[in-house]
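Structural features, examined
Chain residues, written in single-letter form:
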Amino acid sequence: MTRTTQALVLTLVGATLVRLTLTDAYLRYVNAWMRWPLLVSGVLLVAVALARVLRADERSADEDGVTADEHLDGHVSRSAWLLLAPVLVVFTVSPPALGAYSAERSANELPASAAEGAELPLPASDGPLEIDVVDFVVRVQFDEARSLVGREVVVTGFVSGDEDGNWYVTRMDMNCCAADASANRIMVTGPAAEDAPERNSWVRVTGEWDPLDGGRPTSAMAASAVEPVEAPRNTYG
Amino acid sequence: MTTTDAPVRRGARLGQTELVLALVLAGLVSQRWLVPALDDEALATWATTFVAIVVQAVPFLVLGVLLAAVISHVLTDRALERVVPKRSALGVPAAGLAGVALPGCECASVPVSASLIRRGVVPAVALTFMLAAPAVNPVVLVATAVAFPDQPLLVLARFLASMLTAVAIGWLWLWRGGRVPMRLPRGGREHGGTFLGSVQHDFLHAAGFLVLGAALAAVVNTLVPREVLDSVAGQAVAGIVAMAVFAFVVAMCSEADAFVAASLTAFSDTAKLVFMVVGPAMDIKLASMQVGTFGRGFAVVFVPLVVVVATLSAVGVGGWLL
């Protein structure tokens, strides 16, 4: 890889990182707090590439010899070409946030740490109470007081399905990046749920916890209303 | 270099650069046709996971190559001598403890330890640091404590098993490591490079292999459903082997792996510990980066050795504490 190509590859990688942080696009892949580290390292990579190119011009102007530094450049391994792959993928495919495909393949197991907060009763409200999908799922599994019983709640998420033809209002939850994301989902039942909305579309579902046939508590809600909505800024959480 | 062949080389360089530019432009122009053609859910999920792993790792890698350049160019010999103990047998555990102080992900520690070796630090000491730093730093331990709120012993077990792995590998390397070939890429002050020169060189070198590892990890992540794991969860030995293999192939960053381990509720605590001890020490993207940094001959010995030692020490500590 020649010196100019190296600088170009470095610039492209840096520019890709900066580009991702200028919009909300980075939220499809990593946590919100990664914005500043991404921006800073992107700018640094571009700056290093620029500085190297400018200094190389200066040097070739006053002495037309090959310095040891330049000699070193010849030894960048061929693997550096692979860096073009994520750049091209980001700019051409622009991969979307994880959706139904991942949700339908990941197990819905909650760790014990999720139980924290489930013992608090649901706050009082006049009308239906807006809660997170994960909050609903956690309360179904861990809330001994059963404070979901008889409460009308509203949840927002995307639509995923299963092989039995049920559909779920779903959110992906990530810790570090999309590679470690797991799904939380609530089966939607009742007359308002009969026509399943399009897979991967976003919906706001109003309803009550539906314990189904009893036994092991199941995350399901009997819907009184299902309305299509826009995807939120950050689709995870 | 004579003046006569200088113009020829310059011409060749421009050709390559233009080729890359043309490729990127072609990609940009063709995206209108490419995106619908690539509209396959599995492929899109792979692309998201692949980009996520790369994007998550790059800032840490930048931090790592900057630190490596400081070690190569700024640190004086006297300062280095003061930081690194003279006696290697004691230097190994000291390097393990020093790992507590670098709260980065595992991608940062590969270029840092390579630069330490270039500066004349005994490889066993530098390798111990490389294994310990991503596993025992405070960020990782706090994340583990949050993921397992009722099991403080598991946090202690993770710390001990990771430290044991790093130190055991270091001592093994002191004893027999001389027989393993290690080919470091050139660089650093000794070769006349500049500070920015080694930042660029180290980054391009390590990041290429990181991309390869991320691509493979994303394939596993996309295609293998988690239920495959649950089918062996009940068996003690198979569960432990499955967790070690899973940690190697999914290449999760060490700050997140505790949450994933906690969600694998069907597995025994020892199996979860194996996952959290093997993962930061060795995985597919680290193995790929080490092939690039230390050479294939090194990685062929080092990678399986670390996986086995990490698994054994997790099983040992787990059996004792959990």
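Everything numeric in this text was worked out from a predicted model, so none of it was measured. (Residues numbered from 1 in each chain as written. Chains lettered and ligands numbered in written order. Predicted model: local features only at pLDDT ≥ 70, side-chain atom pairs only at ≥ 80, totals over all residues. Heavy atoms only, no water.)

**Here we look at the pattern of salt bridges**
In this structure the tally under the stated criterion is 11 salt bridges over all chains. Residue E41 of chain B pairs with R199 of chain A through a salt bridge whose shortest N-O separation is 3.1 Å. Of this pair, E41 of chain B sits in helix α2 (residues 41-73) while R199 of chain A is found in the loop between β4 (182-189) and β5 (202-209), placing the two residues in two different chains. Since its relative accessible area comes to 31%, E41 of chain B is described here as partly exposed. Residue R199 of chain A is classed as partly exposed on the basis of its relative accessible area, which comes to 34%. (Salt bridge = Lys/Arg side-chain N within 4 Å of Asp/Glu carboxyl O. Helix = DSSP H or I, 4+ residues; strand = E, 2+ residues; numbered from the N terminus. Buried < 20%, exposed > 50% of the residue type's maximum accessible area, 1.4 Å probe, protein only.)

**What to know about the nonpolar core**
F50, F203, M243, F275, M282 and F302 of chain B are the most contacted members of the largest nonpolar core, which totals 142 residues. With 14 residues, α2 of chain B is the largest single contributor of residues to this core. Here this core gathers at least three residues from each of two domains, domain 1 (3-95) and domain 2 (101-228) of chain A. Sequence-distant contacts of F203 of chain B, that is, excluding residues within four places in its chain, are made with L10, V13, L45 and L83 of chain A together with V58, L61, V62, V65 and S198 of chain B. In this structure, L122, V140, V153 and A193 of chain A belong to the second largest nonpolar core, which totals 21 residues. (Core = buried A, V, L, I, M, F, W, Y, C linked by side-chain atoms within 4.5 Å. Domains from an automatic or database assignment. Contact = heavy atoms within 4.5 Å.)

**Details of helix α6 (residues 123-136) of chain B**
End to end, α6 of chain B covers 20 Å across 14 residues, agreeing with the expected 20 Å (1.5 Å per residue, within 8%). The element α6 of chain B is largely enclosed, with a buried count of 13 among its 14 residues. (Expected span 1.5 Å × (residues − 1).)

**Digging into the pairing of strand β2 (residues 152-161) of chain A**
All names here are of chain A. Counting buried positions along β2 yields nine of 10 residues, so the element is predominantly enclosed. Sheet topology note: the strand β1 (residues 129-130)/β2 ladder contains two bridges and is parallel. If you follow L129 over to β2, its bridge partner there is V153. Running through helix α6 (residues 133-142), the crossover from β1 to the neighbouring parallel element β2 is right-handed. Alignment of β2 against β5, held across seven bridges, turns out to be antiparallel. By the bridge assignment for β5, V153 is matched with G207. Across four bridges, the pairing between β2 and strand β3 (residues 167-173) is antiparallel. Within the sheet, the bridge partner assigned to S160 lies in β3 and is Y168. In this antiparallel pair of consecutive strands, β2 and β3, the connection spans five residues, and G165 shows a positive phi of 90°. (Pairing = 2+ DSSP bridges. Right-handed = clockwise from strand over helix to strand, strands pointing away.)

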